[in-house]
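For reference, the chains in residue letters:
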Amino acid sequence: MLETLGLYPQWYVPVIGSAWVMGIIGTIHVLASHTSVGASWLFALIETKAVRENKPELMDYIKKYGLFLLVFSYIIGSITGPGIWYSVTVASPRGISGLIHNFVWVWATEWVFFFVEVIGVYALVYLIGKVDRRTHLKLTWSFAVASWATMILIVPILSFMMWPGNERWYETGSTLDAAFNLNYFAHLGVRTAFMFAIAGAVGGILAATMKNREVRVEITRFLSKMGLAGLFLGVVMWMWYVQTLPENARIIMETQMGPKYGKFLGGVLLAVLLYFLWTAWKPLQLRQGAAVAMTLVIGLFGLWPEERSRESIRKPYVAGQYIYSNQLISRDVPGKGVRSDLPLIESSGVLATHLFVPDELRKITPENQLRAGEFLTKTLCANCHGIEPDAVLRPLPALFGHSDEPRMIKAYLDGALYHGKVPYMPRLPLPEQEREAMAAYIASLSGGLSPLALAVHEPRTEGAH
Ligand code: HEC
């Protein structure tokens, strides 16, 4: 038997693509988790004020928000957290394997802190008024530190996905070289800052319902200040973060996101800024509905595009600048004993070396050409592209101008893709026959010629590269 490719069966999600499934779950998770980490700091700061200035009535708010966190953030967070694991494991098995092989102990440590955090929030709510104030304050600060520790420990993994940023890791494979990657601190700064803004917005949902007017004014003003500080710091951190990105990410930002996208995000920031200024100025005008609306705005127009673009600018990689989104390994990583898949693909193709290919597709024939093309396209492109003409994620038919002409499509596979000329797409040195089959299939999506047409028009040109 030939050498095999380490690919798993493909999880194919029609129309929205597996990337959006992960994106949707991830965005909800970020909203829940950043809310709870931000809130833990809010509690610690407000409780410190309550103890120092002897204002026990402020504790009513912490009790209310704490209970709300328990019911919403922690339940939603604990459902979407494993949801991320399930979806990424099937959508990107080698991506997640790469991360586990680097970060297993970091993750284990993170779970310890998460455990402390969950117990902390129960204890904190339950013990208000039941233990002396100073003891309770210590508990709240421990909760805040444990919560933030989960973020400190998860961000190295997320930022390694962008890239290690140093050549050393590829040689050593060490966890520290992976964790202290080039964009770690900037990324941690961005998330820490924006978590304050998010917690400030979500906090308004409860602040608006406080019966005691003075408490309501004091808390709402506090939330506004925290939100404004988070927003300001977040923008500064973001500017730093952009400086730490790899070349491909900058190209994608320039070419695909453009000024319209920038204006849109600028508009969202401005809306959040005005909201916090308004609630600082007229705290009693804040109604629960407005705070809920602001939370949704941040989720839908802030976090969703942010999570989506972090995924986009990483292209063509899903992790470490060595695992492509379509799960192929693009380079040798001696530190991990990982070898590039590209030489094997170039010499033997995917159909002959991928373990999960149906036997009847091992060899391309005129009869199975379209099905082989479909298999290859779904395996190699569908992680990043929708196949259906009306798909939401970069639909392939549209990107080929709805061409039903296999030869035109094949020219792209022969040129740009074969030689890796597109900075945001993987290099795919496929054998001639596999490129033909894919071109025939992609053309058929736009009502193209019969699969045989290409083979008839063009004699094989094996080895022409
Ligand atoms: C790692 C992710 C990824 C994979 C895998 C991938 N592409 Fe792309 N592709 C992109 C991105 C990102 C764009 C930019 C699309 C946009 O404008 O939104 C793109 C654009 C394109 C375009 C438009 C022309 C261009 O150069 O911008 C074509 C055609 C295309 N891809 C074909 C393919 C085919 C065929 C495959 C499978 C063999 C494939 N892609 C696999 C990420 C990928």
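Residues numbered from 1 in each chain as written. Predicted model: local features only at pLDDT ≥ 70, side-chain atom pairs only at ≥ 80, totals over all residues. Heavy atoms only, no water.

J.: Got a minute to help me understand the environment of R52 in this structure?
T.: Residue placement: R52 occurs in helix α1 (residues 17–52). The exposure class of R52 is exposed, given its relative accessible area of 72%. C-alpha of R52 to C-alpha of P343: the two residues are 291 residues apart in sequence and 67 Å apart in space. (Helix = DSSP H or I, 4+ residues; strand = E, 2+ residues; numbered from the N terminus. Buried < 20%, exposed > 50% of the residue type's maximum accessible area, 1.4 Å probe, protein only.)

J.: Explain helix α9 (residues 247–281) to me, please; I cannot follow it from the model alone.
T.: One full turn of an α-helix is made of 3.6 residues, so residues set three or four places apart face in the same direction. Compared with the 51 Å implied by 1.5 Å per residue over 35 residues, the 43 Å span of α9 between its first and last C-alpha is markedly short. For α9, the principal kink sits at M257 and spans about 80 degrees; a proline, P259, occurs within the next four residues. Taken residue by residue, α9 has N248, A249, I252, M253, M257, V268, V272, Y275, F276 and T279 as its buried positions. In this structure, the buried side of α9 is in contact with α4 (133–162), α7 (184–207), α8 (213–243), α10 (288–313) and β1 (317–319). (Expected span 1.5 Å × (residues − 1). Bend = angle between axes of the 7 residues up to and from the residue. Contact = heavy atoms within 4.5 Å.)

J.: Even after reading the chapter, I still don't get the site of the ligand, so can you show me in this structure?
T.: Taken together, 23 residues sit near the ligand, with C381, C384, H385, Y424 and M425 positioned nearest. At a separation of 2.7 Å, a nitrogen atom of the ligand approaches a polar side-chain atom of H385. Between the ligand and Y412 there is a distance of 2.8 Å, counted from an oxygen atom to a side-chain nitrogen or oxygen. When residues of the shell around the ligand are traced back to their parent elements, those giving at least two are α13 (396–399), α14 (406–419) and α15 (432–445). With three residues, the top contributor of residues to the shell around the ligand is α14. Residues belonging to the shell around the ligand are distributed by class as follows: 17 nonpolar, four polar and two charged. Counting contributing residues per domain, the shell around the ligand is built from domain 1 (17–324) and domain 2 (345–457), each supplying no fewer than three. (Near = heavy atom within 4 Å. Polar contact = N/O pair within 3.5 Å; in protein donor to acceptor, adjacent residues only side chain to side chain. Nonpolar A, V, L, I, M, F, W, Y, C, P; charged D, E, K, R; others polar. Domains from an automatic or database assignment.)

J.: Looking at this model, I keep getting lost on the coordination of the iron atom of the ligand. Mind explaining?
T.: Geometrically, a metal with four donors at the corners of a regular tetrahedron has ideal angles of 109.5 degrees, and one with six donors at the corners of a regular octahedron has ideal angles of 90 or 180 degrees. For the iron atom of the ligand, every protein donor is listed as H385 (NE2) and M425 (SD), and the spread of their distances is 2.0 Å. Between the six donor atoms coordinating the iron atom of the ligand, the angles at the centre fall across 85 to 179 degrees, so the site counts as octahedral. Here H385, found in the loop between α12 (369–380) and α13, pairs with M425, found in the loop between α14 and α15; they are 40 residues apart in sequence, far enough to count as distant. Residue classification places M425 among the buried residues on the basis of a relative accessible area of 17%. (Donors = N, O, S within 2.8 Å, 3.2 Å for Na, K, Ca; no water. Tetrahedral: all angles 85-135°; square planar, octahedral: opposite > 155°, others 65-115°.)

J.: It is not clear to me how unusual backbone geometry should be interpreted in this structure. Could you clarify?
T.: It is generally the case that most residues other than glycine have a negative phi and that most peptide bonds are trans. Here the amide bond leading from K315 into P316 is cis, since omega sits at 5 degrees, within 30 degrees of zero. Even without being glycine, R394 reaches a positive phi, approximately 35 degrees. For R394, the location among the structural elements is in the loop between α12 and α13. At H402, a position not held by glycine, the phi torsion is positive, near 50 degrees. For H402, a relative accessible area of 46% corresponds to the partly exposed category.

J.: Could you clarify how one ought to interpret the nonpolar core in this entry?
T.: Burial of nonpolar side chains together is a common tendency in soluble globular proteins. Grouped together as the largest cluster of nonpolar side chains are 55 residues, with contacts concentrated most on L42, F43, I46, Y61, Y65 and I219. For this core, the secondary-structure elements that each account for two or more residues are α1, α2 (58–91), α3 (93–127), α4, α7, α8, α9 and α10. With twelve residues, the top contributor of residues to this core is α7. Once residues lying within four places of it in the same chain are set aside, the contact partners of Y65 are T35, A39, L42, F43, A199, V202, G203 and L206. With 36 residues, the next largest nonpolar core counts L351, A382, F400 and A416 among its residues. (Core = buried A, V, L, I, M, F, W, Y, C linked by side-chain atoms within 4.5 Å.)

J.: I keep staring at a positive patch on the surface and nothing clicks. Help me out?
T.: A surface patch of positive charge is lined by R52, R133, R134 and K138. Ranked by residue count, the leading element in the positive patch is α4, at three residues. Examined against the element boundaries, R133 turns out to sit in helix α4. (Patch = residues over 30% accessible without salt bridge, like charges linked within 9 Å, V, L, I, M, F, W, Y side chains within 5 Å. Areas by Shrake-Rupley, 256 points an atom, 1.4 Å probe, with all protein chains shown as cover. Salt bridge = Lys/Arg side-chain N within 4 Å of Asp/Glu carboxyl O. Lys, Arg positive; Asp, Glu negative; His and termini not counted. Charge placed at Lys NZ, Arg CZ, Asp CG, Glu CD.)

J.: What's the story with the packing of aromatic side chains in this structure? I'm lost.
T.: Given two aromatic rings, their pairing is described by the distance between the two centres and the angle made by the two planes. All told, the structure shown has 23 aromatic pairs when counted by the stated rule. The rings of F43, Y61, Y65, F68, F72 and F143 are connected pair by pair, giving a single aromatic cluster. If you follow K130 out to its NZ or CZ, it ends over the ring of Y126, 4.3 Å from the centre. For K282, the ring lying beneath its charged end belongs to W281, and the centroid distance is 4.8 Å. (Phe/Tyr/Trp six-rings, centres within 6.5 Å; stacked < 30°, edge-to-face > 60°. Lys NZ or Arg CZ within 6 Å of the ring centre and 35° of its normal.)

J.: Would you explain the domain arrangement of the protein in this entry?
T.: Accessible area lost during the coming together of the parts is what is often quoted as the interface size. For the protein, the assigned domains read domain 1 (17–324) and domain 2 (345–457). Contact with domain 1, which involves 14 residues of that partner, is made by ten residues of domain 2. Of the roughly 1000 Å² buried where domain 1 meets domain 2, counting both sides, 62% is carbon and sulfur surface. Applying the counting rule to domain 1 against domain 2 returns zero salt bridges. Where domain 1 packs against domain 2, one counts two residue pairs in polar contact (both at pLDDT 80 or more). For the side of domain 1 that touches domain 2, the elements supplying multiple residues, two or more each, are α1, α9 and α10. (Buried area = accessible area lost by both parts, 1.4 Å probe.)

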